[in-house]
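Structural description and commentary
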Amino acid sequence: MTTYFAFSDPHACLQPVLEGLKEAGFDPSNPNHCLIIAGDLFDRGPEPNELYQYVQSLPQVILVKGNHEDCLLDMLRRGYPKNYDFQNKTILTLFQLAGSTYEEAYNLALRMPRYGSAPSDRDEALKLFDEAANNPRVQEVFAWIKEKFVNYFETPHHVIIHSSIPLIPNWRKGDEASWYQARWCNPIEEYRHNVYRPIWAEHKKVVIGHFHTHLLFDYLDPYHHLDNHPRENTSYDVSPLFDNGSLVGLDACTILSKRINVYQFEE
C-alpha cells in the first residue's frame, strides 16, 4: 500500500511546500510515501532554484507537466521571450534559475525587447538572454523537465492531470500537441461538458491543478453543498482543497495564500 501526497501549482514557492507536506505527514524517507506534483512548479515566486533542488532530491516523486513547464520549454527552444513570457513571469524564472535574485531578474526582464517574432539581429539585451539560457542550471532544469515530467499519472482509483485530457477516443494515446492544448483548458468548462467522462466511466477520480480552487467552489458548488466552501466575497487566496467526489482541485493560489493543498490517498 502506497500513501500518495498530491499538490499542484507551487509557482516557485518552497516554504509553503515544506510546511504543507510536513503538516500532511509526508516523510521522504518512508518508502511507502510518494509525492505527486500536478504541474506548474515555476514562475511568479521567489524560490525556483530551491524548489527544484528539493523536488529533484526526493526518492519518490511523480511530476505531471503543467502549462508553465510548457512555457519554459517553449521559450528556451525559441531563443527569445514573447509577450506571454512576461505575463506568466517565465522570463523571471529564466534569470532566477541562472543565479539572479528576484529583484535582479525583474530588472533584467525589463531590458528584454518584447518582440512577437525572432529579431533579425540580437542586441545586448538578447545576449543576456542567451547567457542565461545557456547557464548550466538552466540547461539542467530544461533536460529534467523533458525527461521526468509526464502528461498524466494513474492509479487504480485516480487520474492526476494538470487541467484536462485530449479530446480523442483513447485520451491516453494523445500526442504531445493534444496534451499541450489540454494543459491550458478551463477545467470548469471541461467538467461541465463532461470531458472527464472517460475517466469517470472507469470509476476513477480526476485530480487537477491549474485553476484556483476558489473558482471551482464558485462555479461547481454554487449551492455550498461542500462543507469547506469559502465564505462569500473571500479573495482567491482562500482556496481550500476542492473534492466533490468526482473531481479534486488542488491549486491553493500559493503565490498569494502562502500555502498548498495536499490531497492524501492510499492505494
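Residues numbered from 1 in each chain as written. Predicted model: local features only at pLDDT ≥ 70, side-chain atom pairs only at ≥ 80, totals over all residues. Heavy atoms only, no water.

1. A look at the environment of His203
The line we're drawing: A run of H or I in DSSP counts as a helix once it spans at least four residues, and a run of E counts as a strand once it spans at least two, with each numbered from the N terminus. Remark: exposure states derive from per-residue accessible area (1.4 Å probe, protein chains only) relative to the maximum for the residue type, with buried under 20%, exposed over 50%, and partly exposed in between.
Take His203: it is sitting in the loop between helix H11 (197–200) and strand E7 (205–208). On the basis of relative accessibility, which here comes to 70%, the residue His203 falls in the exposed class. Residues His203 and Ala105, 98 residues apart in the sequence, show an inter-C-alpha distance of 46 Å.

2. Focus on helix H12 (residues 213–220)
Convention followed: Throughout, a residue-residue contact means that at least one pair of heavy atoms, one from each residue, lies within 4.5 Å.
In terms of residue burial, H12 counts as a mostly covered element, since six of its eight residues are buried. Among the residues of H12, those classed as buried are Thr213, His214, Leu215, Leu216, Phe217 and Leu220. The inward-facing, buried residues of H12 contact helix H10 (187–192), E7, strand E8 (242–243) and strand E9 (247–249).

3. Notes on the side chain of Asn88
By secondary structure assignment, the location of Asn88 is in the loop between helix H4 (83–87) and helix H5 (90–97). With residues near it in sequence (within four places) discarded, Asn88 still touches Asp43, Arg44, His68, Cys71 and Trp184.

4. Describing the sheet that holds strand E2 (residues 33–37)
The condition that has to hold: A pair of strands counts as paired when DSSP detects no fewer than two bridges linking them.
The mixed open sheet is built from five strands, whose spatial order is E4-E3-E2-E1-E10. A single partner strand is all that each edge strand has here, and the edge strands are strand E4 (149–150) and strand E10 (263–266). As paired strands, strand E1 (residues 3–7) and E2 are joined by five bridges and run parallel to one another. From the neighbouring strand, Phe5 faces E2, where its bridge partner is Leu35.

5. Re the pattern of salt bridges
Opposite charge on two side chains allows them to pair when their charged atoms are near. Threshold: The term salt bridge refers to a pairing of a side-chain nitrogen on Lys or Arg with a carboxyl oxygen on Asp or Glu at a separation within 4 Å.
Counting across every chain of the model gives 12 salt bridges. Here Glu147 and Lys148 are joined by a salt bridge, their closest N and O atoms 3.8 Å apart. Its relative accessible area of 59% is what places Glu147 among the exposed residues. As a salt-bridge pair, Asp243 and Lys205 come within 2.9 Å of each other at their nearest N and O atoms. Here Asp243, found in strand E8, pairs with Lys205, found in strand E7; they are 38 residues apart in sequence, far enough to count as distant. Here the residues in one salt-bridge network are Lys65, Asp70, Glu176 and Arg183, joined through shared partners.

6. Structural notes on the packing of H5 against helix H6 (residues 102–110)
Filter applied, for reference: Axis definition: a line fitted to C-alpha atoms, limited for helices to the stretch in contact. Angles are taken between N-to-C directions and run from 0 to 180 degrees. Note that the term roughly parallel is reserved for angles under 35 degrees, roughly antiparallel for angles over 145, roughly perpendicular for angles of 65 to 115, and oblique for everything else. By definition, turning the near helix anticlockwise from the far helix through less than a right angle yields a left-handed crossing, and turning it clockwise yields a right-handed one. As a working rule, the residues Ala, Val, Leu, Ile, Met, Phe, Trp, Tyr, Cys and Pro are called nonpolar, Asp, Glu, Lys and Arg charged, and the rest polar, with Gly in that last group.
Interhelical geometry of H5 versus H6 gives an angle of 125 degrees and a closest axis separation of 8 Å. Classified by the angle their axes make, H5 and H6 are oblique. Note on packing geometry: the crossing formed by H5 with H6 is right-handed. Judged by residue contacts, Ile91, Leu92, Phe95 and Gln96 of H5 engage Tyr102, Ala105, Tyr106, Leu108 and Ala109 from H6. Its residues assigned to classes, the contact of H5 with H6 comprises eight nonpolar, one polar and no charged.

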